[in-house]
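Structural overview
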Amino acid sequence: MTSLKRTALYDEHARLGGRLIDFGGWELPVQYTGVMDEHLACRKSAGLFDVSHMGEVHVEGPDAEAFLNDLLTNNVSRVAVGQAQYSAMCYDHGGCVDDLIIYRRAADRFLVVVNASNDDKDFAWMRGVHSRKGYRCSLSHESANYSQLAVQGPRAAEILQTLTSTPLAPIKTYWFAEGHVCGDIPAILARTGYTGEDGFEVYVPWQSGPAVWRALIEAGQPLGLKPCGLGARDTLRLEMKYPLYGHELGENIHPLDAGLAWVTKLDKPNDFVGKQALLAARAAGLRRTLVGLKMLERGIPRQGYAVFDAAGVSQVGEVTSGTQSPSLGQAIAVAFVPPEHAAAGTRLTIDIRGTRVPAEVVSTPFYKRS
Amino acid sequence: MRFPAHLKYTKDHEWMNLQGKVATVGITDHAQSALGDIVYVDLPKVGRELKAGDTFGVVESIKAVSDLYAPAAGKVLEVNSALTADPAQINREPHAGAWMIKLELASEPAGLMDSAAYEAYCATLK
């Protein structure tokens, strides 16, 4: 048995009574006080998440932009210094290696942040693509050098502002600033996140994680901030229909199927990895698309449950994620279905332990900020 | 964590309160705590005959689905259908108000733990 990896915040999680689980080889809290409680705290005030398990890669050099444009589906040339961009990274056959965020720190310098469970696979893939041409840029795997804390929710900016002299108000969504927190700890302060709320993802040196975590808790608790585990992170993202690798994304799922056409720039001039396969897929027509479903009767849909037509006769798709939505008090799901079953209002059924339970296609995100 | 002394327990974390031939059944404080926020429960129909170890229902937390197992053989006499509308009651009062079914026992229950043995068993799961 291999031992689980721990973030720099392990002792903090233990002290707070976090229930630790194995998440992709990392020992991380699934919850502290309860998923529902943490989820609602993030929607109402603020949630603090240890996401130090995420992977980081530095891409630096004169060809950094050209390399990332070849590696990723989005148009990296449109990203200004100080701006972030969400993208997919594909195999040649069009399936997804991962979804990720790039941060442009200088004209020739990027931070790439990938999913923890894909970290090593992604870096190997990036090196492979890098070796296809003589790109003048370096790749360095920096995951062990960063702690990443996400502070999310309507009061997140107010809380984080007490730790830094960098003005946060001017930072727009999907932009970032480089500054300091808690005195002299260097930090990337990025207005990004995975909850649907306003908020920041804060990148600091690995060993500084605990000090920043404690400072955020101290500043935030009087305002209602709560530490949040992976359980709330999942329900929050699901209420927004944000994809999660291994559910809505995978090596046999291409980004057009997964609703990521908005970050798949088939018209960008270079021949990025997967472009030919994606052009062919688009020409052939979409076979499936991701829809949001709400249950019309009792039952909670889960990943892998079969989706049937309204009559419950023919299987038309499969649930990729499902839960009881804490904000809506209603069971919801994301599922792959053929385009002809994807219009809002379409009635379908989901097989829950042998019973075909009625569901309806709804517009997403499920949760809309008031 | 509470382990009421008047109850008997299974390794699947059900409790049973035996009064004559009728056993009231629910899940333990340990079980509800491990599951987290319970948001769904499915219970059997009155009259269903269960063998010991049969699945009699399901509880779901936000994250997970768990089967409920009959601690002894018997016929379902009564079901706490109020739990369907308020599954979180199982988190609040697992040993009392959130009982799940009442069974008319078909035979003497076997292999159940008393509270001390169950508490010791839970300690081994940490």
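Everything that follows concerns the structure shown earlier in this document.
Notes on the structure follow. Everything numeric in this text was worked out from a predicted model, so none of it was measured.

**With respect to the overall build of chain B**
Scanning chain B for helices and strands turns up four helices and nine strands. Of the regular secondary structure in chain B, the N- to C-terminal order runs β-β-β-α-β-β-β-β-β-α-α-β-α. Taking 126 residues into account, the globule formula puts the C-alpha radius of gyration at 14 Å, and chain B, at 13 Å, falls close to it. When its C-alpha atoms are laid out on the principal axes, chain B stretches across 35 × 35 × 20 Å. Of all 126 residues assigned to chain B, the portion counted as buried reaches 49%. Once local pairs closer than 6 in sequence are excluded, the contacts in chain B between residues at least 24 apart make up 60%.

**Examining the pattern of salt bridges**
Note on pairing: side chains with opposite charge can pair once their charged atoms come close. Under the counting rule described, the total for this entry stands at 24 salt bridges over all chains. D92 of chain A is the salt-bridge partner of R132 of chain A, the closest N and O atoms lying 2.8 Å from each other. With R132 of chain A in the loop between α4 (119–130) and β8 (138–141) and D92 of chain A in the loop between β5 (84–90) and β6 (96–106), this residue pair connects regions lying 40 residues apart in the sequence. Salt bridges sharing common partners tie together D234, R237 and E248 of chain A together with K63 of chain B.

**A look at the interface of chain B and chain A**
Between chain B and chain A, the residue contacts involve 16 residues of the former and 19 residues of the latter. Summing both partners gives a buried area of about 1,300 Å² for chain B against chain A, and 50% of it is carried by carbon and sulfur. In terms of surface lost to chain A, no three residues of chain B exceed Y40, I62 and K63 of chain B, which account for 44% of the buried area on that side. Counting the contacts that link chain B with chain A gives four salt bridges.

**So, helix α3 (residues 64–71) of chain A**
For α3 of chain A, the tally of buried residues reaches six of eight residues, placing the bulk of the element in the interior. Residues A64, F67, L68, N69, D70 and L71 of chain A constitute the buried set of α3 of chain A.

**Some remarks on the sheet that holds strand β13 (residues 225–227) of chain A**
Residue and element names in this part refer to chain A. The six strands are arranged β10-β11-β12-β9-β3-β13 in an open sheet whose pairing can be described as mixed. The sheet terminates laterally at β10 (176–181) and β13, the two strands that pair on one side only. Recorded for the sheet is a direction-independent mean angle of 25° between the axes of neighbouring strands. Direction of pairing for strand β3 (residues 46–50) relative to β13: parallel, over a ladder of three bridges. What sits directly across from A46, in β13, is L225. Where helix α2 (residues 35–44) meets the sheet, it contacts β3, β9 (146–152) and β13, and its direction lies at approximately 120° from that of β3.

**Concerning the state of the cysteines**
Residue and element names in this part refer to chain A. One pass over the full model with this rule turns up zero disulfides over all chains. With no disulfide of its own, C42 lies closest to C228 among cysteine sulfurs, the gap being 5.4 Å. Overall, C42 belongs to the buried group, its relative accessible area being 0%. Of all cysteine sulfurs, the one in C90 lies closest to C137, which takes part in no disulfide; the gap is 19 Å.

**Section: the packing of aromatic side chains**
Aromatic rings in a pair are described by how distant their centres are and how their planes are angled relative to each other. Residues and elements named next belong to chain A. Counted under the stated rule, the structure contains ten aromatic pairs over all chains. Ring centres of Y86 and W262 lie 5.7 Å apart, and the angle between their planes is 20°; this geometry places the pair in the stacked category. With a gap of 176 residues between them, Y86 in strand β5 and W262 in the loop between α7 (230–239) and α8 (275–284) connect regions that are remote in the sequence. Residue classification places Y86 among the buried positions, given a relative accessible area of 13%. On the basis of relative accessible area, W262 is assigned to the exposed category, the value being 54%.

**Overview of the sheet that holds strand β3 (residues 22–27) of chain B**
Residue and element names in this part refer to chain B. Read from one edge of the open sheet, six strands run β1-β2-β3-β9-β8-β5, paired in antiparallel fashion. The open sheet is flanked by β1 (8–9) and β5 (49–50), the only strands paired with a single partner. Bridging between β5 and strand β8 (residues 74–79) involves two bridges; their strand directions are antiparallel. Residue pairing across strands places L50 opposite G74, the latter belonging to β8.

**Some points on the packing of α2 of chain A against α7 of chain A**
All names here are of chain A. Two elements in contact, α2 and α7, have axes separated by 8 Å at closest approach and are oriented at 55°. Taken as axis vectors, α2 and α7 run oblique relative to one another. Crossing of α2 against α7: the hand is right-handed. Across the interface between the two elements, V35, E38, H39, C42 and R43 of α2 pack against G231, A232, T235, L236 and E239 of α7. A per-class count over the contact of α2 with α7 returns four nonpolar, three polar and three charged.

**Details of unusual backbone geometry**
Trans is the prevailing form of peptide bonds, just as negative phi is the prevailing case for residues other than glycine. All names here are of chain A. Geometrically, the link from T364 to P365 is a cis peptide bond, its omega value of 5° lying close to zero. With respect to the helices and strands, the residue P365 is situated in the segment after β19 (355–362). Look at Y174: it is not a glycine, yet its phi comes out positive at around 65°. Examined against the element boundaries, Y174 turns out to sit in the loop between α5 (156–161) and β10. We note that R353 has phi near 50°; this positive angle belongs to a residue other than glycine. Along the chain, R353 falls in the loop between β18 (347–352) and β19.

Rules and cut-offs
- Residues numbered from 1 in each chain as written.
- Chains lettered and ligands numbered in written order.
- Predicted model: local features only at pLDDT ≥ 70, side-chain atom pairs only at ≥ 80, totals over all residues.
- Heavy atoms only, no water.
- Helix = DSSP H or I, 4+ residues; strand = E, 2+ residues; numbered from the N terminus.
- Rg over C-alpha atoms; globule rule 2.2 N^0.38 Å.
- Buried < 20%, exposed > 50% of the residue type's maximum accessible area, 1.4 Å probe, protein only.
- Contact = heavy atoms within 4.5 Å.
- Salt bridge = Lys/Arg side-chain N within 4 Å of Asp/Glu carboxyl O.
- Buried area = accessible area lost by both parts, 1.4 Å probe.
- Pairing = 2+ DSSP bridges.
- Axes fitted to C-alpha atoms, helices over the stretch in contact; angles between N-to-C directions.
- Disulfide = S-S within 2.5 Å.
- Phe/Tyr/Trp six-rings, centres within 6.5 Å; stacked < 30°, edge-to-face > 60°.
- Parallel < 35°, antiparallel > 145°, perpendicular 65-115°, else oblique.
- Left-handed = near helix turned anticlockwise from the far one by under 90°.
- Nonpolar A, V, L, I, M, F, W, Y, C, P; charged D, E, K, R; others polar.

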